[in-house]
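Observations on the model geometry
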Amino acid sequence: MRAIIQMPKYMLMRVVNGGEYSLNPDYRGVFSPEKLYDAENMMPGGYIFNSSISAGRWYNPYLQYQGLPAFTNGIIYPSQDLVDSYESGDPRFKATIFTKTDSISGYNNNKPVAFPANAGYANKKVIWPFSYWNQSNFSFQNVNPMFLRYADIVLINAEASNELGSQADVLKYLEQIRFRARGGMTFQASVTAGLNAGKGILPEITATSKKELRLAIWKERRVELALEFNRWFDLFRYNKVAAADGSDGTGYTEALLKNTYGRTNFNFAKFSRFPIPSTYITSSNGILEQNKSW
């Protein structure tokens, strides 16, 4: 196990020490349509509106599903459980979660945007001021979803360091992420600045045990990388490491999805794998076999 982790750790350190990538001091700014090639954006996946295209979509389907339901057919909304996972005063909440009381600068006299009854939140990482709307159309916005950003690398490095027993490095990497999230200040500086009613925001992680730090890293990943297509795959990775009761490496994901998220019909054996298309199975002349639960 240790050898399996050491090689990725070596590659991670090449990225960290390479100097090509870094954390943008402004967390919200990372997702701006103007930052497609930001130093934190390692694998851009952005969409730029082009009205000269004679056929096909002018809008990005990603925005249609992730955007505001008032303007799109959006069906993917932040869960209440995600909303509740933010620590008090964490600036990343306002940079990530659009609520029913929020407005869009320059749109509808800055009045709150209407939500359907079944939605209370939206993905703010794809919601920008009216001045960004091409042809005054929400669906024609440029969007900046990333396939990989440097903060993910820092947190992967923290996780690898923890499994290799380098807990001091874990604390260093976690603090890099939380320092940026505070707006480039230490926890004590946030207290002195009177943030969160003088209580400060995002205290430094001080855990020392591998198990405690593992959970701290997972929580930090959920908040830092919220709505960036990491959570589902993280949950399946975690299933190999921590059980629901902490006793072994099985059952974690299934118990979480059933008991916490209400997915009572979730079957880990089935949904942890994709079905193999029948045409592939047929053309393989018996070499490929369908995943058993499918």
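Calculation criteria
Position numbers for residues start from 1 in each chain and track the written sequence from start to end. Note on the predicted model: pLDDT of at least 70 is required for a residue's local features to be given, and 80 or more for side-chain atom pairs to be given and counted; whole-chain, interface and lining totals, by contrast, use all residues. To get the side-chain values, all heavy atoms of the structure are used, and hydrogens and water are removed first. UniProt positions are given in the numbering used here, feature names are shortened, and annotations may be inferred rather than shown by experiment. Numbering of helices and strands runs from the N terminus; a helix is a DSSP stretch of H or I covering at least four residues, while a strand is a stretch of E covering at least two. As a reference, a globule follows 2.2 Å times the number of residues to the power 0.38, and the radius of gyration itself is taken over C-alpha atoms. Burial classes: relative accessible area under 20% of the type maximum marks a residue as buried, over 50% as exposed, and values in between as partly exposed (1.4 Å probe, protein chains only). By definition in these notes, contact holds between two residues if any of their heavy atoms fall within 4.5 Å. To measure how exposed things are, a 1.4 Å probe is used in the Shrake-Rupley method; for residues, cover is taken only from the protein chains shown. Charge convention: Lys and Arg are scored as positive, Asp and Glu as negative, and His as well as the terminal groups of each chain are ignored. By convention, the point assigned to a charge is CZ for Arg, NZ for Lys, CD for Glu and CG for Asp. In this document the domain limits rely on a domain assignment from an automatic tool or a database. By buried area we mean how much accessible surface two parts lose on assembly, using a 1.4 Å probe and totalling the loss over both. Every case where a carboxyl oxygen of Asp or Glu lies within 4 Å of a side-chain nitrogen of Lys or Arg is listed as a salt bridge. Nitrogen and oxygen atoms within 3.5 Å of one another constitute a polar contact, given that in protein one can donate a hydrogen and the other can accept it, and given that sequence-neighbouring residues count only through two side-chain atoms. Think of it as three bins: nonpolar holds Ala, Val, Leu, Ile, Met, Phe, Trp, Tyr, Cys and Pro, charged holds Asp, Glu, Lys and Arg, and polar takes everything else, Gly as well. Here pLDDT means the predictor's own confidence in every residue, given as a number from 0 to 100. Residues enter patches when their relative accessible area tops 30% and they take part in no salt bridge; the joining distance is 9 Å for like charges and 5 Å for the nonpolar side chains Val, Leu, Ile, Met, Phe, Trp and Tyr. Working definition: rings of Phe, Tyr and Trp (its six-membered ring) pair if their centres are within 6.5 Å, and the pair is stacked with planes under 30 degrees apart, edge-to-face with planes over 60 apart, and tilted otherwise. What a helix is expected to span follows from its residue count: subtract one and scale by 1.5 Å.

An unreviewed UniProt entry annotates the protein chain as RagB/SusD family nutrient uptake outer membrane protein of Dyadobacter frigoris. In its Subcellular location (unreviewed entry) section, the UniProt entry covering the protein chain states "Cell outer membrane". The UniProt entry for the protein chain carries the following comment under Sequence similarities (unreviewed entry): "Belongs to the SusD family."

Regarding the overall build of the protein chain
Looking only at helices and strands, the protein chain features 12 helices and 4 strands. Taken over C-alpha atoms, the radius of gyration comes to 21 Å for the protein chain, in line with the 19 Å a tight globule of 294 residues would show. If you line up the protein chain on its principal axes, its C-alpha atoms span 65 × 55 × 40 Å. Evaluated residue by residue, the protein chain yields a buried proportion of 41% over its 294 residues. Considering only contacts in the protein chain between residues 6 or more positions apart, those separated by 24 or more positions represent 61%. A total of about 15,900 Å² of accessible surface is found on the protein chain, and carbon and sulfur atoms cover 55% of it. The averaged location of the 25 negative side-chain charges in the protein chain is 3 Å from the averaged location of its 32 positive side-chain charges.

Details of the domain arrangement of the protein chain
Per the domain assignment, the segments making up the protein chain are domain 1 (1-23 + 148-272) and domain 2 (63-143). For domain 1 versus domain 2, the distance between C-alpha centres works out to 25 Å. Across the contact, 20 residues belong to domain 1 and 16 residues belong to domain 2. Together domain 1 and domain 2 conceal approximately 1,500 Å² of surface at their shared face, both sides included; 52% is due to carbon and sulfur atoms. Area buried by domain 1 at its contact with domain 2 is led by Arg222, Val223 and Leu227, which between them contribute 41% of it. At the junction of domain 1 with domain 2, the criterion picks out 5 salt bridges. The shortest N-O distance in the salt bridge between Arg92 and Glu224 comes to 2.9 Å. Between the two partners, domain 1 and domain 2, sit 8 residue pairs in polar contact (both at pLDDT 80 or more). The set of elements that each furnish at least two residues to the side of domain 1 that touches domain 2 consists of α6 (167-181) and α8 (210-224). No other element matches the 5 residues that α8 contributes to the side of domain 1 that touches domain 2. Looking at the side of domain 1 that touches domain 2 residue by residue, the classes come out as 11 nonpolar, 2 polar and 7 charged.

Notes on the confidence of the model for the protein chain
Looking at the protein chain, the pLDDT average stands at 87 and 91% of residues meet or exceed 70. Taken as a whole, residues 244-250 scores under 50 in pLDDT and shows 15 contacts with residues more than four places along the chain or in a different chain.

Points about a nonpolar patch on the surface
Judged by side-chain polarity, Trp232, Phe233, Phe271 and Trp294 come together as a nonpolar surface patch covering roughly 420 Å² of accessible area. Tracing the backbone shows Trp294 in the segment after α12 (278-283).

Describing the pattern of salt bridges
A complete count under the given rule lists 19 salt bridges for this structure. In this structure, the salt-bridge partner of Asp169 is Lys172, at a minimum N-O distance of 3.8 Å. With a gap of 3 residues between them, Asp169 and Lys172 both fall in helix α6, about one helical turn apart. Between Arg180 and Glu224 there is a salt bridge whose closest N-O contact spans 2.8 Å. Taken together, the residues span a long stretch of sequence, with Arg180 in helix α6 and Glu224 in helix α8 at a distance of 44 residues. By sharing partners, the salt bridges in this structure join Glu40, Glu87, Asp90, Arg92, Lys125, Arg149, Arg178, Arg180, Glu220, Glu224 and Glu228 into a single network.

Concerning the packing of aromatic side chains
Enumeration over the complete set of coordinates arrives at 20 aromatic pairs. Residues Tyr62 and Phe229 carry aromatic rings whose centres are separated by 5.7 Å and whose planes lie at 55° to one another, so their mutual orientation is tilted. In this pair, Tyr62 is assigned in helix α2 (residues 61-66) and Phe229 in the loop between α8 and α9 (231-238), connecting sequence segments 167 residues apart. Look at Tyr86 and Phe93: their rings are 5.4 Å apart centre to centre, the planes differ by 85°, and that puts the pair in the edge-to-face class. What makes Tyr86 buried here is its relative accessible area of 9%. Residue classification places Phe93 among the partly exposed positions, given a relative accessible area of 22%. Aromatic ring contacts, followed pair by pair, group Trp232, Phe236, Phe266, Phe268, Phe271 and Trp294 into a single cluster.

Comments concerning the side chain of Asn157
In this fold, Asn157 is placed in helix α5 (residues 150-163). Residue classification places Asn157 among the buried residues on the basis of a relative accessible area of 0%. Filtering out sequence-adjacent residues up to four positions away, Asn157 remains in contact with Lys9, Leu12, Met13, Val16 and Tyr173.

Digging into α6
Taking 1.5 Å per residue, 15 residues should reach 21 Å; α6 reaches 21 Å between its end C-alpha atoms and fits that length. Listed in full, the buried residues belonging to α6 are Gln167, Val170, Tyr173, Leu174, Glu175, Ile177, Arg178, Arg180 and Ala181. Backbone geometry just after α6 places Gly183 at a positive phi near 95°.

Details of unusual backbone geometry
For Asn110, which is not glycine, the phi torsion reads 60° and is therefore positive. Phi angles above zero are rare outside glycine, and Ser136 is one such case at about 60°. Tracing the chain through its elements places Ser136 in the loop between β3 (121-123) and β4 (146-149).

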